[in-house]
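Observations on the model geometry
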Amino acid sequence: MKRNFARPPAVSLPRRRGLAVSPPRICHTGTTVPNDPAPLTALDFDCVLADGYRDGRGNPEAADGLKLLLDIDMANLPGDHPLANVENAETQVSWWKEALCERLASGVAGFRFLHPLQSNGVMRRVVSETRERVPDALFILNTPGVAWSDLAFLKGCGFDYCVSSLPWWDLRAPWLAEEYAALRSVAPVLAMADLPGQPAYESADVRRARLLLAAVSGSGVLTGAENAAEFPDTVQAMNVLAASDPVVAAPGSLKIFPSASRTVVLRNGEEEALVAVVGLNGTPADRLDRTVIADLDEWSMLEPVVMRQSDDPARRPGMTRLYRARRAKPVRRIRALTAQKAAREPRVIIENVLPSVEGGRYPAKRLVGETVRIEATIYSDGHPVLAAEISSRAEDEREAQVRPMTLIGNDRWVVDLPLLRPGRHVFAVEAWIDAYGTFVRDLTKKHDAGKDIRLDLKEGCALIEAARHHAPAGLRGALETIAAHANRSTLVEQHALLTAPETIEAMRLAAPRAFRTESGPYPIDADRKAAGFAAWYEIFPRSADGDRHGTLRDVIAILPHITAMGFDVLYMPPIHPIGRTNRKGRNNTLVAMPDDVGSAYAIGSPEGGHDAIHTELGTAEDFRALVAEAKAAGLEIAMDFAVQCSPDHPWLKEHPGWFEWRPDGSIRYAENPPKIYEDIVNVDFYAKNAVPELWLALRDVILHWIGEGVRIFRVDNPHTKPFAFWEWLIADIRAIHPDAIFLAEAFTRPAIMYHLGKIGFSQSYTYFTWRNTKAELTEYIEEIATPPVDAFFRPHFFVNTPDINPLFLQTSGRAGFLIRAALAATLSGLWGMFSGFELCEAAALPGREEYLDSDKYAVRPRDWNAPGNIIREIAQLNRLRKSEPALQSHMGTTFYNAFNDNVIYYGKHPLGHEHRVLVLVCLDPHNSQSVSFELPLWEWGLGDTDVVAVEDLLTGSKFVWHGKLQNALLTPDVPYRIWRIAPEPRA
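Notes on the structure in this doc start here. Each chain has its residues counted from 1, running along the sequence as written. Per-residue local features of the predicted model are confined to residues with pLDDT of at least 70, and side-chain atom pairs are confined, for both listing and counting, to 80 or more; whole-chain, interface and lining totals are unaffected and use all residues. Only hydrogens and water are set aside; all other atoms, that is, all heavy atoms of the structure, feed into the side-chain values.

1. Describing a nonpolar patch on the surface
- Without a salt bridge and with relative accessible area above 30%, a residue can belong to a patch; like charges are then joined within 9 Å and nonpolar side chains (Val, Leu, Ile, Met, Phe, Trp, Tyr) within 5 Å. Here, Shrake-Rupley sampling with a 1.4 Å probe gives the accessible areas, and only protein chains in the shown set may cover a residue. What makes a salt bridge here is a side-chain nitrogen of Lys or Arg within 4 Å of a carboxyl oxygen of Asp or Glu, nothing more. A cluster of nonpolar side chains, L590, V591 and M593, forms an exposed patch at the surface whose accessible area comes to about 320 Å².
- Note that M593 resides in the loop between β26 (569-572) and α18 (620-632). Note on conventions: DSSP H or I runs of at least 4 residues are helices, E runs of at least 2 residues are strands, and numbering of each starts at the N terminus.

This is the structure in structure tokens:
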């Protein structure tokens, strides 16, 4: 029964000797010719090939409906053959011509010639002379095994097809496409799908694949009767394509794109192409990815070749899938520019301006008092001399200050910009072609080369005269004087006058700026120093007393403990009234005991909300006293700004339109599924009545505490609130109070953390808490200390928090606390710790990164002088940070070679200083580690055996080091070393 395969549209067939010819679909039937053609014609075969008549003798009878082809082997004749001992070429040609013509006359349609290179040239004449007598005979050249370099001998013989080597292809190598191109130079390619009559050594999947590949890789196909019997569906699909597909009928080209999971075979024609995707290693062939599309280039519009969908072997993993491909229509570009507009486009290009954040969309961050290096890449077509400058101003200033930029090489221009006032500054870069500078440069070269410069001098005078007419009054007189002198001077005097520094400077200021280009504005926020350098100490005021619920006055009592350790900022989690509804118990239990104090983050009760103080902590007067005492002790207060409410917060009754209510009238608790925080509800920033009322109310909370003397705010989970809200709020606050500092507590994905930095947050918590290995720390510091991140993201290295009891500290003992403190204090300008770290507290809830009996849910008494503490070491680290500028920023950190993976080694280079601070930290808290490390002598231009002066910043001892390689021993008791080094003063 005929199988129902979708057929391609009708195609104009190629013509041979004036007759339309369909690509042959040949079934090799071995030594016999089938009597019944129906099984083969049902599979769309049109030819059979028999190999029992290779010596030209015998007269087989063709089956009706099928063309009969015979194998011919002129090189291997049996002993009884008439030509067995004949060497005369004329005799051989005559015999073979007559034998072939006789068989053609009896119904044979053509021949396949085996071993073509062994016929001693007889074959060429036989084919040619036979063709003259029987023009429509089909001649096939069997070329597997023939070297491509020998194919030139076979050109022009009159063959209709060359047989490919597809059965030997490994489904990967590109040589099949190379063979196709080589064979096409002789004749169209007949793709042989298998080795007829040979035992099947490949899987059924691969044999099916070769049948479909034969249809794509030739202009006719040849397969054995074994395949026809075993895979009739696939054989018919092959024959249908070979018979009528326009791509197969055309010569086209063959390309192969192998990969680990699939091989793509592309056979392209004029308007369409066929694509075979061979799935390898179990990869489904109908799963296309971007690599397949990329390989196909312009042939990317793919549609599957439809076969019988109920029994389509190409859908099985590992099989071959055929696609019809069309050229993707090119996108027509709309002409955006006329020639006139294009001529007005900038000739001078300004690129890669630093510091800038997303092209000036957001401000870069710096500290007041810093001198910022402004950089830009500036270039033009041709070879003119360029000039550039920046104009800068504080945002509240009308007049901009102008500073010329200097070319430092490779089109990079720089200028230093001091930031003398806190707040927003803006700058723009301007560049132009310096016509007079170009003239001076070229004049000097010609003069030095002894060229005639009389005409050039006239051109220079013309430039001065033109500039004089446009010059401001203050410069016009100077240019008139120069022009007058030039007109009365000798050539030597003219040259000296036109190239004089005074003339060049006057022309720089007065000459028209040809092709002027401006880039910007670029904003920079100059924050006060505490935004980039400070040590933070966090404490729950209720845990400030050892025996009872602490108060703000108790915090005052322990200020000496905090200041003795050298901290700059005292940060308190929320001090507001705590709700009672669904109050959490100790260790975050869902049921609170009567004496449980609850979570400080469940803000709000009938006593007040975000602008009130929890009554057990004290009063507003107590708070003001704390602010004053802290200030006197050199400490600044930082407050927590947590935009969330307990169910008892006054806002729920006063402003129900600020919240999201459920259909049953209840309110949704705060969630981070599967976690649910039953003691907290969130405001809805985009609720019907929330804009602008809620936004303004939250802004006013900040303003209230600023009025109480607070300028630093740690913001809880800002990434769960709208970015637009934070960008507006921070800008609105800092417009009035540019000294306000906002710390983002956002442990989330990097892109979100970075975006919070861009929209205004002064500082951010970081992944430092979870970076413990040498590779992790190095990679992370280098990421945040290099462009573009360094322009907007200030890292704050907290070693622990009330929420995070790091696994490293839970098992490391005292040495681990020393290690993390040293890393945080020396790697970042900002570092912080939660109270108890100095006492090496590490008890954790089982299997979790949370503290057992955490201050978050309970009053936690402490002995501030408990044995085994690291108070002295923390104080020493903070003291070193204050005295050593190199330790006041994460910027300028360079990692050097320390030949032990348990030891990290880095240096800091303070701007404007010659010395380096070197830090060596052992990352193994349990064992001593010896290490060899390299001194960066090359940074001073010193040799490997030179000497540097060293000061041990932990012990105060001074000495010298000889040579680049040094050694150290780090122990759990002293797991880090810090040195200041500089070249030994020369006599």
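2. Some thoughts on the packing of helix α20 (residues 693-707) against helix α21 (residues 723-736)
- Helix axes are fitted to C-alpha atoms over the stretch in contact, other axes to C-alpha atoms as well, and angles between N-to-C directions run from 0 to 180 degrees. It is at 11 Å that the axes of α20 and α21 come closest, and there the two elements cross at 40°. In this view, α20 runs oblique relative to α21, as classed from their interaxial angle. You can see that α20 and α21 cross each other, and the crossing is right-handed. Two secondary-structure elements touch here, α20 through W695, L696, L698, R699, I702, L703 and I706 and α21 through A724, F725, W728, L729, D732 and I733.
- Its residues assigned to classes, the contact of α20 with α21 shows 11 nonpolar, no polar and two charged. Orientation is classified from the angle alone, with under 35 degrees giving roughly parallel, over 145 giving roughly antiparallel, 65 to 115 giving roughly perpendicular, and any other angle giving oblique. Helix crossings fall into two classes, left-handed where the near helix is turned counterclockwise from the far one by less than a right angle and right-handed where it is turned clockwise. Contacts between residues were defined by any pair of non-hydrogen atoms, one from each residue, lying within 4.5 Å. For this classification, Asp, Glu, Lys and Arg are treated as charged, while Ala, Val, Leu, Ile, Met, Phe, Trp, Tyr, Cys and Pro are nonpolar and the rest, including Gly, are polar.

3. A closer look at helix α25 (residues 871-883)
- To estimate how far a helix should extend, the number of its residues minus one is multiplied by 1.5 Å. Counted at 1.5 Å a residue, the expected span for α25 with its 13 residues is 18 Å, and the 19 Å between its end C-alpha atoms agrees.
- Those residues of α25 that are buried lie in contact with β25 (534-538), α17 (559-564), α24 (807-827), β34 (830-834) and β42 (976-983).

4. Remarks on the side chain of D160
- Relative to the assigned elements, D160 resides in the loop between β7 (138-141) and β8 (161-163).
- Among the polar contacts made by the side chain of D160, one reaches the side chain of R131 at a distance of 2.9 Å. We define a polar contact as two N or O atoms separated by no more than 3.5 Å, with the added condition that, inside protein, one atom must be a possible hydrogen donor and the other a possible acceptor, whereas residues neighbouring each other in sequence contribute only through side-chain atom pairs.

5. Remarks on the sheet that holds strand β15 (residues 320-326)
- Strand pairing follows a simple DSSP-based rule, namely that at least 2 bridges must link the two strands. Read across the open sheet, the five strands follow the order β11-β12-β13-β15-β14; overall the sheet is antiparallel. Each edge of the open sheet is held by one strand with a lone partner, namely β11 (253-258) and β14 (301-304). Taking each pair of neighbouring strands and ignoring which way they run, the sheet shows an average axis angle of 25°.
- Of the pairings in the sheet, the one linking strand β13 (residues 272-279) to β15 comprises seven bridges and is antiparallel in character. Looking across to β15, one finds that L274 is bridged to R324.

6. Some thoughts on unusual backbone geometry
- The omega angle of the peptide bond from V691 to P692 is 5°, so this bond is cis rather than trans.
- Assignment of secondary structure puts P692 in the loop between β29 (675-681) and α20.
- Looking along the chain, the bond that leaves P787 and enters P788 is cis, with omega of 0°.
- With respect to the secondary-structure elements, P788 resides in the loop between α23 (774-784) and β33 (795-798).
- Its identity as a non-glycine residue notwithstanding, N410 has a phi of 55°, on the positive side.
- Along the chain, N410 falls in the loop between β21 (406-409) and β22 (412-418).
- With relative accessibility at 77%, the residue N410 sits in the exposed group.
- Unlike most non-glycine residues, F515 shows phi in positive territory, near 55°.
- Residue placement: F515 occurs in strand β24 (residues 514-527). Between buried and exposed lies partly exposed: a residue is buried under 20% and exposed over 50% of the maximum accessible area for its type, with that area taken using a 1.4 Å probe on protein chains only.

7. A few points about the sheet that holds β24
- A sheet is described by the order of its strands in space; here five strands give the open sequence β17-β24-β23-β19-β20, paired in mixed fashion. On the outer flanks of this sheet lie β17 (364-367) and β20 (401-404), each paired with one strand and no other. For this sheet, the mean angle separating the axes of adjacent strands, direction not counted, is 30°.

8. Brief notes about a negative patch on the surface
- Taken together, E776, E779, E782 and E783 make up a surface patch of like negative charges.
- Checked against the element boundaries, E782 lands in helix α23. When charges are counted, Lys and Arg contribute as positive and Asp and Glu as negative, whereas His and the chain ends are disregarded. Every charge is mapped onto a representative atom, which is NZ of Lys, CZ of Arg, CG of Asp or CD of Glu.

9. Concerning the environment of A744
- If you trace the backbone, A744 turns up in strand β31 (residues 741-745).
- Judged by relative accessible area, which is 1%, A744 ranks as buried.
- For A744 and L590, which are 154 residues apart along the polypeptide, the C-alpha to C-alpha distance reads 28 Å.
- Apart from the residues within four sequence positions on either side, A744 is in contact with V715, P718, L756, F761, Q763, S764 and Y765.

10. Side note on the side chain of N805
- Among the secondary structure elements, N805 is positioned in the loop between β33 and α24.
- Among the polar contacts listed, one links the side chain of N805 to the backbone oxygen of A842, at a separation of 3.1 Å.
- Once residues lying within four places of it in the same chain are set aside, the contact partners of N805 are Q810, A842, A843, A844, E849, E850 and Y851.

11. Observations regarding the packing of helix α12 (residues 454-470) against helix α14 (residues 491-498)
- Two numbers describe how α12 lies on α14: the axes approach to 10 Å, and their chain directions differ by 45°. Judged on the interaxial angle alone, α14 and α12 are oblique. As for the relative orientation of α12 and α14, their crossing is left-handed in sense. Between α12 and α14, the residues in contact are R454, L457, G460, C461 and I464 and L491, Q494, H495 and L498, respectively.

These figures come from the coordinates and say nothing about function on their own.
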